[in-house]
Amino acid sequence: MANPIVTPATRLLFPYVKWSSQLPSLRRQFRDNQPYPHVHLTDFLDVDVAAEMAAEFPDMATEAWTRYKHQNENKLGLAKRSMFPQLLGEVVDELNSEAFVHWLSELTGIPNLVSDEMLEGGGLHQSTTGGFLNVHTDFSNHHYHKHWRRQVNLILYLNPNWDEQWGGALELWDREMRQCVAKVPPLFNEALIFRTDEISYHGFPEPLRCPKGESRKSLALYYYTVESEAEVKTRSTNYRPRPEDGVLKSSLIWLDKEAVDLYSRAKARFGFSDELASKILGFLSRKR
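Conventions we followed
- Residues numbered from 1 in each chain as written.
- Predicted model: local features only at pLDDT ≥ 70, side-chain atom pairs only at ≥ 80, totals over all residues.
- Heavy atoms only, no water.
- 1 Å grid on protein atoms, 1.4 Å probe; cavity = no way out; pocket = protein on both sides within 12 Å on 5 of 7 lines; lining within 4 Å.
- Points joined across faces, edges and corners; volume = space filled by probe spheres on them.
- Nonpolar A, V, L, I, M, F, W, Y, C, P; charged D, E, K, R; others polar.
- Helix = DSSP H or I, 4+ residues; strand = E, 2+ residues; numbered from the N terminus.
- Buried < 20%, exposed > 50% of the residue type's maximum accessible area, 1.4 Å probe, protein only.
- Lys, Arg positive; Asp, Glu negative; His and termini not counted.
- Salt bridge = Lys/Arg side-chain N within 4 Å of Asp/Glu carboxyl O.
- Contact = heavy atoms within 4.5 Å.
- Phe/Tyr/Trp six-rings, centres within 6.5 Å; stacked < 30°, edge-to-face > 60°.
- Lys NZ or Arg CZ within 6 Å of the ring centre and 35° of its normal.
- Pairing = 2+ DSSP bridges.
- Axes fitted to C-alpha atoms, helices over the stretch in contact; angles between N-to-C directions.
- Parallel < 35°, antiparallel > 145°, perpendicular 65-115°, else oblique.

Trainee: When you look at empty space enclosed by the protein in this model, what are you seeing that I'm missing?
Mentor: Taking a probe equal in size to a water molecule and rolling it over the atoms shows the remaining empty space. Enumeration over the complete set of coordinates arrives at 1 cavity of 30 Å³ or more. Size it by volume and the largest cavity reaches roughly 40 Å³. Looking at the largest cavity, the residues that line it are Asn96, Asp116, Leu119, Glu120, Gly122, Ala220, Leu221 and Tyr222. Class assignment of the residues belonging to the lining of the largest cavity gives a composition of 4 nonpolar, 2 polar and 2 charged.

Trainee: Would you take a moment to explain the side chain of Arg216 for this structure?
Mentor: Assignment of secondary structure puts Arg216 in strand β12 (residues 216-226). Buried Arg216, no salt bridge; nearest opposite-charge side chain is Glu171, N-O distance 9.8 Å. Residue contacts for Arg216: discarding those within four places in its chain leaves His125, Gln126, Ser127, Tyr157, Asn159, Trp162, Gly168, Leu170, Pro186, Phe204 and Leu208.

Trainee: Looking at this structure, I do not really get the packing of aromatic side chains. What am I missing?
Mentor: How two aromatic rings sit relative to each other is given by the distance of their centres and the angle of their planes. For the structure on display, the rule yields 11 aromatic pairs. Seen from their ring centres, Phe100 and Tyr223 are 6.3 Å apart, and the 40 degrees between their planes marks the pair as tilted. Residue Phe100 is found in helix α5 (residues 98-108), and its partner Tyr223 is found in strand β12; the two are separated by 123 residues along the sequence. Using a relative accessible area of 0% as the deciding quantity, one classes Phe100 as buried. Among the residues examined, Tyr223 registers a relative accessible area of 0% and is labelled buried. Geometrically, the ring pair formed by Trp148 and Tyr224 is tilted, given 5.6 Å between the ring centres and 50 degrees between the ring planes. Of this pair, Trp148 sits in strand β7 (residues 148-157) while Tyr224 sits in strand β12; the two residues are 76 residues apart in sequence, bridging distant segments of the chain. For Tyr224, a relative accessible area of 0% gives the class buried. In this structure an aromatic cluster arises from ring pairing among Phe14, Tyr16, Trp19, Phe44, Phe100, Trp103 and Tyr223. Taking the ring centre of Phe139 as reference, the NZ or CZ of Arg150 above it sits at 4.4 Å. Over the ring of Tyr222 we find Arg150; its NZ or CZ atom is 3.6 Å from the centre of that ring.

Trainee: Got a minute to help me understand the pairing of β12 in this structure?
Mentor: Consecutive side chains of a regular strand alternate in pointing toward one face of the sheet and then the other. Burial analysis of β12 places 10 of its 11 residues in the buried class, the great majority of the element. Where strand β4 (residues 114-115) lies against β12, 2 bridges are found, and the strand directions are antiparallel. Bridge pairing in β12 places Val114 opposite Tyr224. Sheet topology places strand β5 (residues 123-127) next to β12; 5 bridges connect them, and they run antiparallel. Within β12, the position partnered with Gly123 by the bridge is Ala220. The pairing of β7 with β12 spans 9 bridges and is classified as antiparallel. Within β12, the position partnered with Arg149 by the bridge is Thr225.

Trainee: For this particular structure, what's the right way to read the packing of helix α2 (residues 23-32) against α5?
Mentor: For any two helices packed against each other, the geometry is given by the interaxial angle and the distance between the axes. Their axes nearest at 7 Å, the elements α2 and α5 cross at an angle of 55 degrees. It follows that α2 is oblique to α5 by the angle criterion. Across the interface between the two elements, Leu23, Leu26, Arg27 and Phe30 of α2 pack against Trp103, Glu106, Leu107 and Thr108 of α5. Residues of the contact of α2 with α5, tallied by class, amount to 5 nonpolar, 1 polar and 2 charged.

Remember that the coordinates give geometry; whether it matters functionally is a separate question.
So, in structure tokens, the structure goes:
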């Protein structure tokens, strides 16, 4: 892959020279890591770029956030690229660019990946004390492009002062949901790239223990392939209980998963947004 020409007036938003030189090793790691293909990269971006992104990360108080709060998750999301601070938006554009997607295809061995400028389900994510995300596999197809099959997740953590005792490590579980095989703490300027399919169970199910004023911040980007089949079988987010969750909690996880499935199907059919659903749920909660 040819590296982009960088002029003095051009700010390097992704260090192509550094990571392209490591592609043979990264491909092996991605292929061989368990419980499913993934690679954990430290110092993903130049430190000054990552530090500025963390500094301009939107505050939780802004109304721009979509609030995901139900039995299986408690977090905030912001997927509107037009509302991102300047550098965060520029880095998102770079990580969605043809050059980066080509690099990602080389790393994962998945040809013809495409990026999602809509940031459906992705973008900026943030959780504070008590936040969590139960173990799950991701929805299989883009809600507004039904022939787009989701293939790869990239999560970049932007937490300069994170203490691992606060929790928040992303857990990677085996396909039988018997044990957690790997944990990736949400440390500053570290990225996790992993294959997403029907067995890639992941989440941070234990409520965060960070102090007031701290939050778990990340940027999530998803990549797809365009499928040509006339009939497309889709799969909604599939939440699963852990062995230690017990009968009651497991039942609640299953019931909420079924509700999420109905919501996802309605979303794909009628085209409404998570932002609208968040506003409706927020209005109803204030009425209680």
